[in-house]
Every structure is written in C-alpha cells, then in structure tokens.
Amino acid sequence: MAYYSRVGDVPRTRHTQHRDTSREDRRLYREELMGEEGFSSDSSLLYHRGVPSAVVDAGTWELPDQARRPNHPLLPRHLRLHDLAVPGGADAVTGRRQVLANHDVRIGYVVTGTDPSPLYRDAIGDEVVFVEAGSGAVETVFGTVPYRAGDLVVVPRATTHRWVPAEPSSLYAIEATGHVAPPKRYLSRYGQLLEHAPYCERDLHGPTAPLLVEGPQAEEPVDVLVKHRTSAGVVGTRHTLATHPFDVVGWDGCLYPYTLNVEDFMPITGKVHQPPPVHQVLEGWNFVICAFLPRKVDYHPLAVPVPYYHSNVDSDEVMFYVGGDYEARKGSGIGLGSVSLHPGGFPHGPQPEAIEGSLGATEFHESAVMVDTFAPLELGEAAADVDDPAYAWTWAGGPVPPPG
C-alpha cells in the first residue's frame, strides 16, 4: 500500500516527543513503527496511549482444523460453499472453514451471525477478505473500516482487528504468506496507479479517524488471538495484553487496512476474448487475485465470447462464483456460492454447449473472484463436506465412475 495517509494526532516530526496534554502528567505516547520487509518497504507510525508489547499472559489458541490432503488423483473440483453455513452463523475468525491451501495462500469461508469476532492478528501474512454478502465494520488499531457486499477488505499482516457484522455476512478469506499489493504493471516508478489500471486511489477506502476504547475497559487485560507459523505448520497463540490495543491516538504512513469494492473495478475488454491477467486486482507471493465482472464482451463479428480451452501449465485456478449465471460453466452444476478448482496439468474451458450458446452475446452479467496459485493447492477439511462428485465428468457428459 504505497499511498500516504494521516489520521488523528501525530507530532510534526517523527521519532520526537509526543505527549498526552489532556493528562496532568503529560505522559508520552508510545510510538510504534509497523513496517514491512525489515525497514525496507511500506510502513506507518502509530502513537499508543499504552505499551503495545505489554503481554501479561500467553497460551495456546486451538485453531480450526488446518488439515489438508493432496488433490490426488488429479481432478477438477466443484465445491458448494453455501453448504458450509451453520444455523445462527459462525464467528468471522474462529468460524472460518479451510477450503483450499498451500504454503503460499489459504482460502477459507464463513457465514457469520451478528456477534463481533475476538480480537485477532494474522502474523503469517496479509489477508484479503471478499464480502460475498452482508455489511458491518472491521475495527482495527488504525481505526474503523466499514465493509459492504462486494468489498475486498485488505488487512496488513499483524494488524490487530476484529470483525463487527451489522448483519449476517458471507466472507471468503484469502490468507497470504507475505504481502499483497496492486500488480506492478499498474504502478508508476513511484507507486501511483497508472491510467491503464482498472482502478485508482479514489477507489481505496481506509480509516478516517482513530478508534479509541475509553473508560475502564481501556485499562483492563484483553485477549488477542494470533495466527502464526512454526516448524509444525500454522498454529495459534492467545496473548493477553495489559491494556486494550485500540489506544492509537494517531498514525501516518503508507501501511493500513483498506477496502476496494468490485463495483469500482473497470473491466478491460477487447475485440476478441481477453486473457485472465486483464482482470487482475492484486498480487501476492506466488498467487494473484482477479475479478470477473459484468462487462461488454468481444466485438469482432466472429468472436467467441467464452474462454478457449486452456491448460494451466504453471498454476492452479480457483473461481468463486458470486453473481449472475456464469456463461462458461452453464450445464456444469456450478451456481452462486460455488468454487471451481482447475488444477495445473488439467486442460479446462467452457462446457461444450456453452460455446455455441455464447455466440452473438454482447455483454455478460456475471461476477466471480479468482485466485491463481503457482504451487499446487491441497483440499482443506471443508472441501470433503461440499465436493460435487459429478463435476469432473461434465465435459464428457458421462456418468460418475464408481469409486476405486
């Protein structure tokens, strides 16, 4: 995030005395530099009333099931995520079900109720959470970030935050190992989004005011759940802090949470079918995020609007279908709330009948969020519960083979 922002009360000069003039003792605020890549990349300076590192207790947080299994034998998959919803909703953090994962990225899904989540910090990497449905706010040490349906909520690594749904919310969580950012080809040498980029700085919405917990609650110990890694893999720790972490009176810099709504993404179209990179929104370490949205389609008189068959030689492709009736998948059983996994080594494309059916189309009314990874994805514990056993055979139009 290379766009400077300043919120709340900060001193004129960094790393100088900044005091709480409302107190008789004029106590110093505690300055915290939150930065990436060892002082070599984006950062922000936060000014705390308390001591951000004052931990008074620590224990184990037993994470939801992180087990995964290889996609073997190699098959395309159709996963019906809406079947994972539970009555009354689940917690936005601890209720996530892991669907697909590798060492670079983990994809989970949860449908919440209206109760706030615990305070939470992902110490493994940035999180990008797509809001399929619902609204509310993400409360963070930087301030409050409202969210609504269609938002990509980007939360930087190690940002203490909690989800506060105003209504039940369907959340598709993409957890990175490392950081996410706009694709480099969209950026100037100084980090400004260029004219050919499908979105601009006006479309990114971060906190606008500090979020301060006041009264006795501010001085009481509070738990924060931390997701991190050891040699054993992804694990959780429960830290108890001496005071509430929402004590930042001001901050400035280029690192903070923000939202980007897919309605503000401007699809790039062409005379013939355009490849997936034109739909890219963000990139992480060994993966990209794209958004396929309602758009005008190819205007060559002989254009075939749906994708051609293609082999993902170097990547696995994951599509989450969130709006309309996806043209290329008609007749496959895929619908709203579906995820398709087309793995590397498998040539895939439209259902055969969808090709003729698309001819002459001038626009598509469909929405999907795609994650492409450059390492094979494994199936999370939730995948087995929502797997469609018929999907792999739909291109051939044949029956499902017997097990074994």
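For clarity, every value in this text was computed on a predicted model and none was experimentally measured.

1. A closer look at the overall build of the chain
Right, so step 1: Each helix and strand in the chain was counted, giving two helices and 30 strands.
Right, so step 2: In terms of overall dimensions, the chain is globule-like: its C-alpha atoms have a radius of gyration of 23 Å, near the 22 Å expected for 404 residues.
Right, so step 3: Projected onto its principal axes, the C-alpha coordinates of the chain cover approximately 80 × 50 × 35 Å.
Right, so step 4: Out of the 404 residues belonging to the chain, those deemed buried represent 51%.
Right, so step 5: The contacts in the chain between residues at least 6 apart in sequence include a share of 74% that link residues at least 24 apart.
Right, so step 6: Put simply, the chain shows about 18500 Å² of open surface, and 53% of that area lies on carbon and sulfur atoms.
Right, so step 7: Each charge class in the chain can be summarised by its mean position, and for the 32 positive and 52 negative side chains these summaries are 5 Å apart.

2. Examining the side chain of Ser-170
Right, so step 1: Following the sequence through the fold, Ser-170 ends up in strand E15 (residues 170-176).
Right, so step 2: Ignoring any residue separated from it by four or fewer positions in sequence, one finds Ser-170 in contact with Tyr-109, Val-110, Val-111, Phe-130, Val-131, Glu-132 and Ala-133.

3. Describing the sheet that holds strand E19 (residues 248-253)
Right, so step 1: The antiparallel open sheet is built from four strands, whose spatial order is E1-E19-E3-E2. Both outer strands of the open sheet, strand E1 (5-8) and strand E2 (30-35), are each paired with one neighbouring strand and no more. Each adjacent strand pair in this sheet contributes to an overall mean axis angle of 15°, direction not counted.
Right, so step 2: Note: E1 against E19, four bridges, orientation antiparallel. Opposite Arg-6, over in E19, you have Asp-252 as the bridge partner.

4. A few points about the pattern of salt bridges
Right, so step 1: Evaluation of the coordinates by the stated rule reveals 16 salt bridges.
Right, so step 2: In this structure, the salt-bridge partner of Arg-97 is Asp-385, at a minimum N-O distance of 2.8 Å. In this pair, Arg-97 is assigned in strand E7 (residues 97-101) and Asp-385 in helix H2 (residues 383-386), connecting sequence segments 288 residues apart.
Right, so step 3: A relative accessible area of 54% places Asp-385 in the exposed class.
Right, so step 4: Note that Arg-148 and Glu-263 form a salt bridge whose closest N and O atoms lie 3.7 Å from each other. One end of the pair, Arg-148, is in the loop between strand E12 (143-147) and strand E13 (151-155); the other, Glu-263, is in the loop between strand E20 (258-261) and strand E21 (280-284), with 115 residues separating them in the sequence.
Right, so step 5: A residue is classified by how much of its surface remains accessible, and Glu-263, at 60% relative accessible area, is exposed.
Right, so step 6: Because the salt bridges share partners, they merge into one network encompassing Arg-96, Arg-106, Glu-127, Glu-175 and Lys-227.

5. Observations concerning empty space enclosed by the protein
Rolled over the atoms, a probe with the dimensions of a water molecule shows which regions are left empty.
Right, so step 1: Evaluation of the coordinates by the stated rule reveals three cavities of 30 Å³ or more.
Right, so step 2: Taken as a whole, the largest cavity spans an internal volume of roughly 120 Å³.
Right, so step 3: Taken together, 13 residues form the lining of the largest cavity, with Gln-66, Arg-96, Gln-98, Glu-175 and Lys-227 sitting closest to its centre.
Right, so step 4: Mapped by element, the contributors of at least two residues to the lining of the largest cavity are E7 and strand E8 (105-111).

6. Brief notes about the sheet that holds E20
Right, so step 1: Reading across the sheet, the nine strands line up as E5-E30-E7-E8-E15-E10-E13-E20-E16 and stay open at both edges, with antiparallel pairing between neighbours. Edge positions in the open sheet fall to strand E5 (68-69) and strand E16 (204-205), since each of these has one partner strand only.
Right, so step 2: Bridge count for E16 against E20 is two bridges, and the pairing is antiparallel. Within the sheet, the bridge partner assigned to His-205 lies in E20 and is Thr-259.

7. Quick notes on the pairing of strand E3 (residues 43-48)
Right, so step 1: The buried count for E3 comes to five of six residues, which makes it a mostly enclosed element.
Right, so step 2: As defined by bridge partners, E2 adjoins E3 across six bridges and the pair is classed as antiparallel. Across the sheet, Glu-32 pairs through a bridge with Leu-46, a residue of E3.
Right, so step 3: Where E3 and E19 come together, five bridges link them in antiparallel fashion. When the sheet's bridge partners are listed, Leu-46 is paired in E19 with Trp-251.

8. Looking at the packing of aromatic side chains
Right, so step 1: Scanning the model with the defined rule gives eleven aromatic pairs in all.
Right, so step 2: On the numbers, 6.1 Å between centres and 80° between planes, the contact of Trp-61 with Tyr-120 is edge-to-face. In this pair, Trp-61 sits in the loop between strand E4 (55-60) and E5 while Tyr-120 sits in strand E9 (residues 120-122), placing the two residues 59 residues apart along the sequence. As far as the burial class goes, Trp-61 and Tyr-120 line up, both buried.
Right, so step 3: Arranged with centres 6.2 Å apart and planes meeting at 90°, the rings of Tyr-186 and Tyr-199 form a pair that is edge-to-face. In this pair, Tyr-186 is assigned in the loop between E15 and E16 and Tyr-199 in the loop between E15 and E16, connecting sequence segments 13 residues apart.
Right, so step 4: Classification of Tyr-186 as buried rests on a relative accessible area of 2%.
Right, so step 5: Feature note: the residues Tyr-109, Phe-130, Tyr-172 and Phe-320 constitute an aromatic cluster, connected by ring pairs.

9. Here we look at the nonpolar core
Right, so step 1: Ranked by internal contacts, the top residues of the largest apolar core, which has 62 residues, are Leu-81, Leu-100, Tyr-172, Tyr-199 and Val-318.
Right, so step 2: Considering every element that reaches this core, the biggest residue donor is E8, with four residues.
Right, so step 3: Apart from residues lying up to four places away in sequence, Tyr-172 is in contact with Leu-81, Ile-107, Gly-108, Tyr-109, Val-128, Val-129, Phe-130, Val-318, Phe-320 and Val-339.
Right, so step 4: With 16 residues, the next largest nonpolar core counts Trp-61, Ala-92, Tyr-120 and Leu-171 among its residues.

Thresholds, definitions, all that
Residue numbers run consecutively from 1 along every chain, following the written order of its sequence. pLDDT decides what is reported in this predicted model: residues at 70 or higher carry local features, side-chain atom pairs at 80 or more are listed and counted, and totals for whole chains, interfaces and linings draw on all residues regardless. Computation of side-chain values covers all heavy atoms of the structure but excludes hydrogens and water. The way it works is that DSSP assigns letters per residue, a run of H or I at least four long becomes a helix, a run of E at least two long becomes a strand, and they are numbered from the N terminus. Between the two quantities, the radius of gyration covers C-alpha atoms and the globule rule is 2.2 Å times the number of residues to the power 0.38. Think of it in three bands: with a 1.4 Å probe and only protein chains considered, a residue is buried below 20% of the maximum accessible area for its type, exposed above 50%, and partly exposed in between. For this analysis, residues touch if any pair of their heavy atoms sits within 4.5 Å. Only the protein chains shown count as covering a residue, and every accessible area follows the Shrake-Rupley method with a 1.4 Å probe. In this tally, Asp and Glu contribute negative charge and Lys and Arg positive charge; neither His nor the terminal groups of the chain are included. Every charge is mapped onto a representative atom, which is NZ of Lys, CZ of Arg, CG of Asp or CD of Glu. Between any two strands, at least two bridges found by DSSP are needed for them to pair. For every element, the axis is a line fit to its C-alpha atoms; helices are fit only across the contacting stretch, and the angle between N-to-C directions ranges from 0 to 180 degrees. Salt bridge, as used here, is a side-chain nitrogen of Lys or Arg placed within 4 Å of a carboxyl oxygen of Asp or Glu. Using a grid of 1 Å spacing that covers the protein atoms alone, one calls a set of points a cavity when a 1.4 Å probe fits there but cannot get out, and a pocket when the set is open and has protein on both sides within 12 Å along at least five of seven lines; lining residues are those with an atom within 4 Å of a point. Grid points are joined across faces, edges and corners, and a volume is the space filled by probe spheres set on the points. Geometry of aromatic contacts follows a simple scheme: Phe, Tyr and Trp rings, the Trp one being its six-membered ring, pair when their centres are within 6.5 Å, and the pair is stacked under 30 degrees between planes, edge-to-face over 60, tilted otherwise. We define the nonpolar core as a collection of buried residues of types Ala, Val, Leu, Ile, Met, Phe, Trp, Tyr and Cys that are connected through side-chain atoms lying within 4.5 Å of one another.

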